[in-house]
Amino acid sequence: MSAPQPIAPITQDVLTVPRKLPEGPVNLVGLTRAAMLDALIAAGTPEKQAKMRVNQVWQWIYQWGVRDFSAMTNLAKPYRALLAENFTVAIPEMVSKQVSTDGTRKYLARIAGGHEVEVVYIPEEDRGTLCVSSQVGCTLTCSFCHTGTQKLVRNLTAGEIVGQIMMVRDDLNEWPTPGAPKDETRLLSNIVLMGMGEPLYNFDNVRDAMKIAMDPEGIQLSRRRITLSTSGVVPEIARAAEEIGCLLAVSFHATTNETRDKLVPINKRWNIETLLNALREYPKLSNSERITFEYVMLKDVNDSDEDARRLVHLIQGIPAKINLIPFNEWPGAPYKRSSNNRIRAFADIIYKAGYASPIRTPRGEDIMAACGQLKSATERARKSKAQIEAEAGLGGSGN
Ligand code: SAH
Ligand code: SF4
């Protein structure tokens, strides 16, 4: 493998809000177990007890969904008071919820600084998937993606990422009751990091949040029920395998560098060949079965039979499933969705080559909750992509 390349400098512009505000209590949500241990000790917990206290507090927060210290009944009252003085247990605030005719729920979650991100819950027969955001907006500018036209960007903290799961569990009323038998059929059973943002440009926070979601004494989601989708941040792919170990999806979307450069501009930095080399290693490193190749179907852009054949040829040797996503249009989008016949013909070629090629059914279209349509409402109302690009070209002084 070639030497690791530096991450695109654009990440240096991304601001992460510190977990601890200069004044005031520390939010326990999003701290790793080790960080929570340090925090409890710093607040005066005797070192000998600290590990046990972490276990207790952890279970209250992540297993039972209890966020009020006074309800943490296996802790002595003075200790609960100490916790309340030094800490909060805060998650994003749900500011709105829309329910689609197909049952999909789209939430707007408000985070520190008054920013907003969208979170989408997709109920299916045998599962319920939560589409989680990792950034406010996205620094990348994939030309078919609505989020990519949003100007404002900051990384979400680990607490804001895992907090989206907690917020929706609240709404679904899905926290178990202490002592009740374990319920294996969960309304919220799967996580996809396919909301707003590029998760591998917010690596540490995404990793910490997913570790919390997987922790066996908390939310308890198996790593095989978590899928991280990346546009192709090559240097972070091996790290994701080793440090998160969840399933990987990649926004592939084109079969020549020329087209991929236009659709997924990060391709200019790490092209198809470099990306495929990193992907080849992923299943071994993460001990997972296969990679999902996401492929958005854009009329007359990337949807020919020849594209399908090239795709099959490119991914040879990689255990893969190809998820075809009919393009979801948004106001001012420069593309059209491929016809159903075209999508089926494309799927057929892939299927005959031996790969699963499911066509993703758009969900929640009536509430703009489908893939790539997310963008916070305030931004959406104000700006078009052309406007944003023009502003950026003029020095980007904003509105
Ligand atoms: N930034 C990450 C994850 C978020 S996007 C990534 O790019 O992978 C989740 C998926 O939706 C990606 O495959 C993305 O390419 C796709 N997508 C974006 N805009 C879309 C649109 N308008 N229609 C259909 N899929 C879209
Ligand atoms: Fe960002 Fe993913 Fe949208 Fe590209 S497709 S702009 S990486 S959110």
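Analysis parameters
Residues numbered from 1 in each chain as written. Chains lettered and ligands numbered in written order. Predicted model: local features only at pLDDT ≥ 70, side-chain atom pairs only at ≥ 80, totals over all residues. Heavy atoms only, no water. Helix = DSSP H or I, 4+ residues; strand = E, 2+ residues; numbered from the N terminus. Buried < 20%, exposed > 50% of the residue type's maximum accessible area, 1.4 Å probe, protein only. Areas by Shrake-Rupley, 256 points an atom, 1.4 Å probe, with all protein chains shown as cover. Pairing = 2+ DSSP bridges. Near = heavy atom within 4 Å. Polar contact = N/O pair within 3.5 Å; in protein donor to acceptor, adjacent residues only side chain to side chain. Nonpolar A, V, L, I, M, F, W, Y, C, P; charged D, E, K, R; others polar. Axes fitted to C-alpha atoms, helices over the stretch in contact; angles between N-to-C directions. Contact = heavy atoms within 4.5 Å. Arc of directions from axis to C-beta. Salt bridge = Lys/Arg side-chain N within 4 Å of Asp/Glu carboxyl O.

Student: Any chance you could explain the overall build of the protein here in plain terms?
Tutor: When helices and strands are counted, the protein shows 12 helices and 14 strands. Counting over 399 residues, the protein shows a buried share of 53%. For the protein, the exposed surface amounts to about 17800 Å²; the carbon and sulfur share of it is 52%.

Student: Would you explain the pairing of strand β4 (residues 93-99) in this entry?
Tutor: Looking down a regular strand, the side chains alternate between one sheet face and the other. Where β4 and strand β5 (residues 105-110) come together, 6 bridges link them in antiparallel fashion. Residue pairing in the sheet places Val 99 in a bridge with Arg 105 of β5. With antiparallel pairing between neighbouring strands as the criterion, β4 and β5 make up a hairpin whose turn holds 5 residues, including Gly 103 at a positive phi of roughly 95 degrees.

Student: Sorry, what's going on with the site of ligand 1 here?
Tutor: By nearness alone, 20 residues border ligand 1, and Gly 197, Ser 229, Ser 251, His 253 and Asn 328 come closest of all. For ligand 1, a nitrogen atom lies 3.0 Å from a polar atom in the backbone of Phe 144. At 2.6 Å from an oxygen atom of ligand 1 is found a side-chain nitrogen or oxygen belonging to Ser 251. Burial of ligand 1 by the surrounding chains reaches 96%, relative to a free accessible area of 530 Å². Mapped by element, the contributors of at least two residues to the shell around ligand 1 are β11 (226-230) and β13 (291-297).

Student: Mind showing me how you'd approach the site of ligand 2 here?
Tutor: For ligand 2, the full set of nearby residues is Cys 138, Leu 140, Cys 142, Cys 145, Gly 148, Gly 197 and Ser 231. Looking at the shell around ligand 2 residue by residue, the class counts come to 4 nonpolar, 3 polar and no charged.

Student: Please explain the sheet that holds strand β6 (residues 116-123) as it appears in this structure.
Tutor: Either a parallel or an antiparallel arrangement is found when strands of a sheet pair, and the pairing is made through backbone hydrogen bonds. One open sheet accounts for 9 strands, arranged β4-β5-β6-β7-β10-β11-β12-β13-β14; its pairing is mixed. Each of the sheet's edge strands pairs with one partner strand only, and the pair in question is β4 and β14 (320-326). Within this sheet the neighbouring strands show an average axis-to-axis angle of 20 degrees, counted without direction. Against the sheet, helix α5 (residues 203-214) touches β10 (190-193) and β11, its axis set at about 165 degrees to β11. Strand contacts of helix α10 (residues 340-352): β13 and β14, with the helix running at about 175 degrees to β14, the strand carrying the most contacts.

Student: Any chance you could explain helix α1 (residues 33-42) here in plain terms?
Tutor: Since there are 3.6 residues in each turn of an α-helix, residues three or four apart along the chain are aligned in direction. For α1, the complete set of buried residues consists of Met 36, Ala 39 and Leu 40. Along the long axis of α1, the arc covered by the buried residues comes to 95 degrees, so they all point the same way. Facing away from the buried side of α1 by over 90 degrees, the exposed positions are Asp 38 and Ala 42. Of the surrounding elements, those touching the buried residues of α1 are α2 (47-63), α3 (77-86) and β3 (87-88). Backbone geometry just downstream of α1 places Gly 44 in the positive-phi region, at approximately 110 degrees.

Student: Sorry if this is basic, but what is going on with the pattern of salt bridges here?
Tutor: When the charged atoms of two side chains with opposite charge come close together, those side chains can pair. All told, the structure shown has 24 salt bridges when counted by the stated rule. With a shortest N-O distance of 3.2 Å, Arg 363 and Asp 102 are connected by a salt bridge. With Arg 363 in the loop between α10 and α11 (377-382) and Asp 102 in the loop between β4 and β5, this pair connects stretches of sequence that are 261 residues apart. Judged by its relative accessible area of 31%, Asp 102 is partly exposed. Salt bridges sharing partners connect three or more residues here, namely Asp 204, Arg 207, Asp 208, Glu 236, Arg 239 and Glu 243.

Student: Looking at this structure, how should I read unusual backbone geometry?
Tutor: When glycine is set aside, most residues are seen to have a negative phi, and most peptide bonds are trans. Positive phi, close to 55 degrees, is recorded for Asn 173, a residue that is not glycine. Secondary-structure assignment places Asn 173 in the loop between α4 (158-172) and β10. Looking at Asn 173, the relative accessible area reads 68%, which means it is exposed. Its identity as a non-glycine residue notwithstanding, Asp 300 has a phi of 60 degrees, on the positive side. Within the element layout of this structure, Asp 300 appears in the loop between β13 and α9 (305-314).

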